[in-house]
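# Reading the structure
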Number of protein chains: 2
Amino acid sequence: MPPDLLDVVIIGAGISGLYAARQLRPQHRIAVLEARDRVGGRLCNHRFANGETVDIGGQWVGPGQDRMYRLISELGFETWPLWDSGDNLLWDSNRGRRYKGTIPRIGPLALLDLGQAMARFERMARSIDTAAPWAHPNASKWDRQTLASWLQRNCRTRRARKLFAIGIGAVFAAEPEELSLLHALFYARSGNSLETLLSVTGGAQQDRVHGGTAGLCTRMARELGDDLHLNASVSSIEREAEGTLRVYFHGGVLRCRRLIMALPPNQALRIQFSPALSARRDQLWQRMPAGSCIKCVARYDRPFWRDEGLSGQVTSVQGPVRVVFDNSEAGSESGLLMGFLEGEAARHYGGVDAEVRRRDVLDCFARYFGDQARRPLEYVDRDWSSEPWTRGCYAALMPPGVWTQYGQVLRDADGPIHYAGTESATEWYGYMEGALQAAERAVGEVREALSQNAVELPSLSRQQWEAPRV
Amino acid sequence: MPPDLLDVVIIGAGISGLYAARQLRPQHRIAVLEARDRVGGRLCNHRFANGETVDIGGQWVGPGQDRMYRLISELGFETWPLWDSGDNLLWDSNRGRRYKGTIPRIGPLALLDLGQAMARFERMARSIDTAAPWAHPNASKWDRQTLASWLQRNCRTRRARKLFAIGIGAVFAAEPEELSLLHALFYARSGNSLETLLSVTGGAQQDRVHGGTAGLCTRMARELGDDLHLNASVSSIEREAEGTLRVYFHGGVLRCRRLIMALPPNQALRIQFSPALSARRDQLWQRMPAGSCIKCVARYDRPFWRDEGLSGQVTSVQGPVRVVFDNSEAGSESGLLMGFLEGEAARHYGGVDAEVRRRDVLDCFARYFGDQARRPLEYVDRDWSSEPWTRGCYAALMPPGVWTQYGQVLRDADGPIHYAGTESATEWYGYMEGALQAAERAVGEVREALSQNAVELPSLSRQQWEAPRV
């Protein structure tokens, strides 16, 4: 017997796919297919030996991310503000200088230079329509160059360029030369402004979720029951004569009227489609590589740096860890320092021994906060580029020429195939909020399509349900 | 029973994979797996109704491509020089101007500007070591910017920029903004110089192969007999405890000591590896998208344009067909005009109706050569971006930041997995000659590895030979 015909199959049980599922049930018969043995995608809890957990993937929410705060509350979770008291550190030339807020204390010339460049960037970003970056009057000019080229022309001091690049690394997990200027502007605008993306209080790093953001996914997954299939990587998708789809996955095959792809472009590219997807779609996905990020967390018995009036936040010109936060969970006694290896540093440390990585990261922590930081109770890191079902974080990026030449199909459905995932968001691209916004749009498309065509299906013989033709 | 252990499995029966097979046999037990029902990869013959054939994929050889000329001769094929007599046309502002050679006749200012920019580009290219572009003293500066940014600064006149970009389109099947400046320089240097790549007589477009370049592949395939498997797309590759490999393909499984991947990066990315490949390898492949090209050929009863002293070669500022050649085969009566839709034009025309594409291409031919060109006996085109087992031509390109941050692993073997294919060449990257040079290197690596370890294998139980775990 051919498998039952479902209304919707969703590929990917990250926060986008699960949110889509939550919105479609119970009116629609659905299934969610997840390649891993866990839900959450780029959200993941690490459990320390003492039972505490920490987000080893995406972790922050902030003002303007209304869907996220609503979901957190609906699922019975709570947020707390990231520790943001005390002085931040700017580390350069082997010493740390204290400062407050987003912009570090640097020489007046470099500060002016950085301020002017940021103001210019923000002005340009504000003019972008995030639903159609390609339609901007300057789109082709801005998409012809890298952000690095723009910085070269618009920051006169090397120090301002360096600091701008550190901010870019923290936001994109990529180097400025990997990004189209247009993409950087779009991305910043999609989260309001670059300053919002760089800020803690009042910005994208303001709040954390008790129990971890992955908890949201686990909770949503529980609602799904048997409609969620783990260890179910999809190998191919075939369109049937009736316009319906067969989805072949490890362990079986499903049939559906509509499909929602809720996974990163580099993963979508690895699925076989029959008939083949359009040239534009395939080549778009070829041109959306993921960023490079290793998230590193050290647990201490207490947040000792606070004793000296330090916030735990570092911006460092000397790598490899250039950005650090106090990641301690409110209500816990442990002190957590969290540092990112991003872009070039992530590529390098992705290829070295785990012990060397640990040592070099803790060396950085010790440089910033004293020798005590070298001896945590526990240390954990996660190289998202080495995860076979993710292959890079935080999100896919657009090199020059992609938005203007391929962007128009990014969010368009291909017949019964719809796209969710943060990479198809017009708000908060790259963030959890973007994952929800994209899911919401995809669900809207699917609902409308299902209400219009209630497909009548002829019966199919058993012969037609052979193993996947991979 | 587990399948026999082969010495080498080669994935991809393009000219690179077949050439590798030819060098390894008969000393070694090998198999070649090809996803398509034909060999040749990006080389392909189209057969016209009158029985004549034309290369609808890669077609040219030229001086400096010694391996290609040797192979052609060894296989008993012959070359002839592309028709290169008469005047070329530069089409602009609705009129054509005749010129001779590579550089079209344009106003003196633009000509000077173009000449200076090209000379500067060539000088930079000459300084590149194609085995290690990342090691150049200016590597990071040149890899931070797009070729478009460089043109913007180094061509003062819009017309010179435009003409330079047409040349780039013809060579790369991409727009200048898609290319890292460093990649453009590397690519030009790998084929001697940009002028070589742009030239017909004395350059990369000098000679054609009677019977088509795909004929070379068919001939090599015949030598392979049963060692060649068609319709055998590879889904996954697993490393066995003994260090040997299992290669799962549509139709079966093979075991081997060494593997040669002879397929484009965007295709390699779609194969599952267990254990997973390194982060650097996977992210490199994510960052090597294929160019965009539609090759269009019209057949007429005779090459009527020659009557007017025209060579059939066009460089056109007005698209969509910007580059045209007289593609008639020596000894045939038919006249063939061949035009490329490249980069942006290929993306656009990949998405329109075949009839519209045909009409617009023939409109261009008619604009250049008169109304007669609008009525060919036959017309054929091929959008390589829509081919599921290629997904873009001529070759993979490097956006900014890739060579310097990922280039060092491009040609390195991953344990028993070796890389061939033109994208791993140090000479003539993107050309057939590069495909051979890369195969030669991979074969050398494999031979050395095989001579060092004659793996002794324990017997394996039948249980271990289940269906692929996709």
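Here is what the cut-offs are and how they apply
Residues numbered from 1 in each chain as written. Chains lettered and ligands numbered in written order. Predicted model: local features only at pLDDT ≥ 70, side-chain atom pairs only at ≥ 80, totals over all residues. Heavy atoms only, no water. UniProt positions renumbered as here; feature names shortened; annotations may be inferred. Helix = DSSP H or I, 4+ residues; strand = E, 2+ residues; numbered from the N terminus. Rg over C-alpha atoms; globule rule 2.2 N^0.38 Å. Buried < 20%, exposed > 50% of the residue type's maximum accessible area, 1.4 Å probe, protein only. Contact = heavy atoms within 4.5 Å. Areas by Shrake-Rupley, 256 points an atom, 1.4 Å probe, with all protein chains shown as cover. Lys, Arg positive; Asp, Glu negative; His and termini not counted. Charge placed at Lys NZ, Arg CZ, Asp CG, Glu CD. Salt bridge = Lys/Arg side-chain N within 4 Å of Asp/Glu carboxyl O. Polar contact = N/O pair within 3.5 Å; in protein donor to acceptor, adjacent residues only side chain to side chain. Domains from an automatic or database assignment. Buried area = accessible area lost by both parts, 1.4 Å probe. Disulfide = S-S within 2.5 Å. Pairing = 2+ DSSP bridges. Axes fitted to C-alpha atoms, helices over the stretch in contact; angles between N-to-C directions. Phe/Tyr/Trp six-rings, centres within 6.5 Å; stacked < 30°, edge-to-face > 60°. Lys NZ or Arg CZ within 6 Å of the ring centre and 35° of its normal. Least-squares fit on C-alpha atoms with pLDDT ≥ 70 in both. Core = buried A, V, L, I, M, F, W, Y, C linked by side-chain atoms within 4.5 Å. Patch = residues over 30% accessible without salt bridge, like charges linked within 9 Å, V, L, I, M, F, W, Y side chains within 5 Å. Parallel < 35°, antiparallel > 145°, perpendicular 65-115°, else oblique. Left-handed = near helix turned anticlockwise from the far one by under 90°.

- For chain A, the name recorded in an unreviewed UniProt entry is Amine oxidase, with Microbulbifer flavimaris as its organism.
- The heading Sequence similarities (unreviewed entry) in the UniProt record of chain A holds the text "Belongs to the flavin monoamine oxidase family."
- Under the Cofactor (unreviewed entry) heading, UniProt states for chain A: "FAD".

### A short note on the overall build of chain A
- The helix and strand tally for chain A stands at 15 helices and 19 strands.
- The globule rule puts the C-alpha radius of gyration for 470 residues at 23 Å, and the 23 Å found for chain A is close to it.
- Along the first, second and third principal axes, the C-alpha set of chain A runs to 75 × 55 × 40 Å.
- Counting all 470 residues of chain A, 63% fall into the buried class.
- Long-range contacts, defined here as pairs at least 24 residues apart, represent 74% of the contacts in chain A between residues at least 6 apart.
- On chain A, roughly 17,200 Å² of surface is accessible, and the fraction owed to carbon and sulfur atoms is 47%.
- If the 57 positive side-chain charges of chain A are averaged to one point and the 55 negative ones to another, these points end up 5 Å apart.

### Quick notes on the interface of chain B and chain A
- On the chain A side, the residues contacting the 49 residues of chain B number 49 residues.
- The interface formed by chain B and chain A holds six salt bridges in total.
- A salt bridge links Asp282(B) to Arg270(A); the nearest nitrogen and oxygen atoms lie 2.8 Å apart.
- On inspection of chain B and its partner chain A, the count reaches 36 residue pairs in polar contact (both at pLDDT 80 or more).
- If you list the elements that add at least two residues to the side of chain B that touches chain A, you get helix H5 (147-154), helix H11 (279-286), helix H12 (344-350) and helix H14 (402-406) of chain B.

### Quick word on the domain arrangement of chain A
All names here are of chain A.
- Domain annotation for chain A reports domain 1 (5-42 + 212-277 + 414-465) and domain 2 (44-57 + 81-101 + 200-210 + 293-383).
- The C-alpha-based centres of domain 1 and domain 2 are spaced at 36 Å.
- In this complex, domain 1 contributes nine residues to the contact, which on the side of domain 2 involves eight residues.
- Both faces combined, the contact of domain 1 with domain 2 buries some 690 Å², and carbon together with sulfur accounts for 55% of it.

### A short note on the state of the cysteines
- Here the structure, examined in full by the defined rule, presents zero disulfides over all chains.
- Cys44(A) forms no disulfide, and the closest cysteine sulfur to it belongs to Cys217(A), at a distance of 10 Å.

### Brief notes about the sheet that holds strand E17 (residues 335-342) of chain B
All names here are of chain B.
- Here seven strands make up an open sheet; going across it, the order is E7-E6-E15-E16-E17-E14-E18 and the pairing mixed. Two strands in the sheet have a free side with no partner beyond their single neighbour: strand E7 (95-99) and strand E18 (378-383). Taking the axes of each pair of neighbouring strands and ignoring which way they run, one obtains an average angle of 20° across the sheet.
- As defined by bridge partners, strand E14 (residues 293-300) adjoins E18 across six bridges and the pair is classed as antiparallel. What sits directly across from Arg299, in E18, is Glu378.
- Contacting strand E6 (87-92), E7, strand E15 (310-316), strand E16 (323-326) and E17, helix H6 (residues 158-172) runs over the sheet at an angle of about 115° to E15.
- On the sheet, helix H13 (residues 354-369) packs against E6, E14, E15, E16, E17 and E18 and is oriented at approximately 65° with respect to E14.

### So, the packing of aromatic side chains
- Counted under the stated rule, the structure contains 42 aromatic pairs over all chains.
- Taken together through their ring pairs, the aromatic side chains of Trp134(A), Phe172(A), Phe186(A), Tyr187(A), Trp403(A), Trp428(A), Tyr429(A) and Tyr431(A) make up a single cluster.
- Across the ring face of Phe48(A), the terminal group of Arg299(A) is positioned such that the distance to the ring centre comes to 5.6 Å.
- Positioned above the aromatic ring of Trp384(B) is the side chain of Arg382(B), whose terminal nitrogen or guanidinium carbon lies 5.5 Å from the ring centre.

### Looking at unusual backbone geometry
- Looking along the chain, the bond that leaves Arg25(A) and enters Pro26(A) is cis, with omega of 0°.
- Mapped onto the elements, Pro26(A) comes out in the loop between helix H1 (15-24) and strand E2 (30-33).
- Positioned with a positive phi, Ala173(B) is a non-glycine residue whose angle comes to about 55°.
- The residue Ala173(B) is located in the loop between H6 and helix H7 (181-190) in this model.
- Here the phi dihedral of Asn231(B) falls at roughly 50°; this positive angle occurs in a residue that is not glycine.
- Here Asn231(B) shows up in the loop between strand E9 (228-229) and strand E10 (234-239).
- Asn231(B) sits in the partly exposed class, given a relative accessible area of 42%.

### Regarding the relation of the copies chain B and chain A
- With an axial shift of 0.0 Å and an RMSD of 0.0 Å, the rotation relating chain B to chain A amounts to 180°. On this basis, the relationship between the two copies can be described by a two-fold rotation axis. For chain B, the residue whose C-alpha comes nearest the rotation axis is Arg270(B), separated from it by 2.2 Å.
- A high fraction, 100%, of the interface residues of chain B reappear at the interface in chain A, so the copies pair face to face through one surface.

### A look at the environment of Gly401(A)
- Tracing the chain through its elements places Gly401(A) in the loop between strand E18 (378-383) and helix H14 (402-406).
- Distance in space between the C-alpha atoms of Gly401(A) and Trp142(A) is 9.1 Å, their sequence separation being 259 residues.
- Look past the residues within four positions of Gly401(A) in its chain and what remains in contact with it is Asp143(A), Tyr406(A) and Glu177(B).

### A short note on the pattern of salt bridges
- Per the stated rule, a full pass over the model turns up 62 salt bridges over all chains.
- Arg375(A) serves as the salt-bridge partner of Asp371(A), at 3.3 Å between the closest nitrogen and oxygen.
- Of the residues examined, Asp371(A) reaches a relative accessible area of 44% and is grouped as partly exposed.
- Given a relative accessible area of 55%, Arg375(A) falls into the exposed group.
- Between Lys100(B) and Asp87(B) there is a salt bridge, with the nearest N and O atoms lying 2.9 Å from each other. Highlighted residues: Lys100(B) in the loop between E7 and helix H3 (108-126) and Asp87(B) in strand E6, separated in sequence by 13 residues.
- Three or more residues are tied together by salt bridges with common partners; here these are Arg67(A), Glu427(A), Glu433(A) and Glu440(A).

### Observations concerning the nonpolar core
- Of all hydrophobic cores here, the largest spans 185 residues; its most connected members are Phe164(A), Met261(A), Phe164(B) and Met261(B).
- Excluding residues within four positions of it along the chain, Met261(A) makes contact with Ile11(A), Ile237(A), Ala268(A), Ile271(A), Phe273(A), Trp285(A), Ile417(A), His418(A), Tyr419(A) and Ala420(A).

### Side note on the UniProt feature "domain: Amine oxidase" (unreviewed entry) in chain A
- What UniProt calls "domain: Amine oxidase" (unreviewed entry) maps, in this numbering, to residues 15-446 of chain A.
- A helix fraction of 34% and a strand fraction of 21% characterise residues 15-446 of chain A, whose end C-alpha atoms lie 18 Å from each other.

### Some points on a positive patch on the surface
- Together, Lys141(A), Arg153(A), Lys141(B) and Arg153(B) make up a positively charged patch on the protein surface.
- Tracing the sequence through the fold places Arg153(A) in helix H5 (residues 147-154).
- By relative accessible area, Arg153(A) is classed as exposed at 52%.

### Quick word on H11(B)
- Burial within H11(B) is extensive, with seven of its eight residues counted as buried.
- Among all positions in H11(B), only Ala279(B), Arg281(B), Asp282(B), Gln283(B), Leu284(B), Trp285(B) and Gln286(B) are buried.

### Section: the packing of H1(A) against helix H15 (residues 432-452) of chain A
Residue and element names in this part refer to chain A.
- Viewed as axis vectors pointing N to C, H1 and H15 meet at an angle of 40°, and their least axial separation amounts to 8 Å. Taken together, the axis directions place H1 and H15 in an arrangement best described as oblique. The two elements H1 and H15 meet at a crossing, and its hand is right-handed. Residue-level contacts link Ile15, Ser16, Tyr19, Ala20, Gln23 and Leu24 of H1 to Met432, Ala435, Leu436, Ala439, Glu440, Val443, Val446 and Arg447 of H15.

### Concerning the sheet that holds strand E14 (residues 293-300) of chain A
Residues and elements named next belong to chain A.
- The seven strands lie next to each other as E7-E6-E15-E16-E17-E14-E18, forming an open sheet whose pairing is mixed. Looking along the sheet, the strands with just one partner apiece sit at the ends: strand E7 (95-99) and E18. If you compare each strand with its neighbour and ignore which way they point, the axes differ by 20° on average.
- Sheet analysis places E14 next to strand E17 (residues 335-342), joined by eight bridges and oriented antiparallel.

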